[in-house]
Amino acid sequence: MTASAESGYPAPQGPGVVPPFTAPPTDRDNRSLLISLGVSALLLVVCCVGGLVGVGVLFAGGVQEAKAQAQSTVDQYLTALRRSDYRGAYQLLCQDLTEGESLSSYTRRSAQDPIREFTVGAVSDSGAALVVAADVRYATRGEQQREYLVQVTFGEYTVCGER
């Protein structure tokens, strides 16, 4: 079998004619290929690192926003209790608490020792809920340090426990 039969091209006619090569010539200098691959790899690394930093900033901002919202919820809850707005405070409780106690029972219990003053403190994360510290001054019990458990359900922040 001749070279022309292997390549699929017809053999050239005439004396001294060289058959065409089967593969085009390649650039023996791989320097430009290595430079372009290096630049591409560097750009890929920069993009990946930038994406990770962006996700980290978004996550940190989301955590700070959640903590601020939890503090705001506890502030609204304690403000409602201080103003004797027991219906408003009751509406800020999670479903687990409201299913176990009626509004009238909650009102009687909360009115026994009303809140005079309070200061909402720092927020910590306990895993299942955010824990908001508060200094609460009651009419008869005096000042006590309390922790309010705040849960997020479908974007709604509710008080779901006190200790």
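The following refers to the structure shown. What you see is a predicted model, and the numbers here were worked out from it, not measured in a lab.

**Looking at the pattern of salt bridges**
Reasoning step 1: In this structure the tally under the stated criterion is five salt bridges.
Reasoning step 2: A salt bridge links Glu162 to Arg146; the shortest N-O distance between them is 2.9 Å. Of the two residues, Glu162 is situated in strand 4 (residues 156-162) and Arg146 in strand 3 (residues 142-153); the sequence distance between them amounts to 16 residues.
Reasoning step 3: Here Arg163 makes a salt bridge to Glu147, at a shortest N to O gap of 2.9 Å.

**Some details on the pairing of strand 3**
Look at any regular strand and the pattern is simple: side chains alternate between the two faces of the sheet.
Reasoning step 1: As defined by bridge partners, strand 2 (residues 130-138) adjoins strand 3 across nine bridges and the pair is classed as antiparallel. Residue pairing for strand 3: Tyr138 is matched across the bridge by Gly142.
Reasoning step 2: Two successive antiparallel strands, strand 2 and strand 3, enclose a turn made up of three residues.
Reasoning step 3: As paired elements, strand 3 and strand 4 share five bridges and run antiparallel to each other. By the bridge assignment, Tyr148 is partnered in strand 4 with Glu162.
Reasoning step 4: The turn linking strand 3 back onto strand 4 is made up of two residues, and Phe154 within it adopts a positive phi angle of 55°.

**Details of the sheet that holds strand 1 (residues 115-125)**
Reasoning step 1: Pairing is antiparallel in the open sheet, where four strands are placed in the order 1-2-3-4. At either end of the open sheet lies a strand with only one pairing partner, and these are strand 1 and strand 4. The average angle at which neighbouring strand axes cross in this sheet is 30°, direction not considered.

**Some thoughts on the nonpolar core**
Reasoning step 1: Residues Tyr77, Leu78, Leu81, Val136 and Tyr148 are the most contacted members of the largest nonpolar core, which totals 25 residues.
Reasoning step 2: With seven residues, helix 2 (residues 31-82) is the largest single contributor of residues to this core.
Reasoning step 3: For Tyr148, the contacting residues outside a window of four places in its chain are Val74, Tyr77, Leu78, Leu130, Val131, Val132, Ala134, Val136, Tyr138, Val159, Gly161 and Glu162.

**Some points on a nonpolar patch on the surface**
Reasoning step 1: A cluster of nonpolar side chains, contributed by Leu33, Leu34 and Leu37, occupies part of the molecular surface with about 310 Å² of accessible area.
Reasoning step 2: If you trace the backbone, Leu33 turns up in helix 2.
Reasoning step 3: We classify Leu33 as partly exposed; its relative accessible area is 45%.

Criteria and thresholds
- Residues numbered from 1 in each chain as written.
- Predicted model: local features only at pLDDT ≥ 70, side-chain atom pairs only at ≥ 80, totals over all residues.
- Heavy atoms only, no water.
- Salt bridge = Lys/Arg side-chain N within 4 Å of Asp/Glu carboxyl O.
- Helix = DSSP H or I, 4+ residues; strand = E, 2+ residues; numbered from the N terminus.
- Pairing = 2+ DSSP bridges.
- Axes fitted to C-alpha atoms, helices over the stretch in contact; angles between N-to-C directions.
- Core = buried A, V, L, I, M, F, W, Y, C linked by side-chain atoms within 4.5 Å.
- Buried < 20%, exposed > 50% of the residue type's maximum accessible area, 1.4 Å probe, protein only.
- Contact = heavy atoms within 4.5 Å.
- Patch = residues over 30% accessible without salt bridge, like charges linked within 9 Å, V, L, I, M, F, W, Y side chains within 5 Å.
- Areas by Shrake-Rupley, 256 points an atom, 1.4 Å probe, with all protein chains shown as cover.

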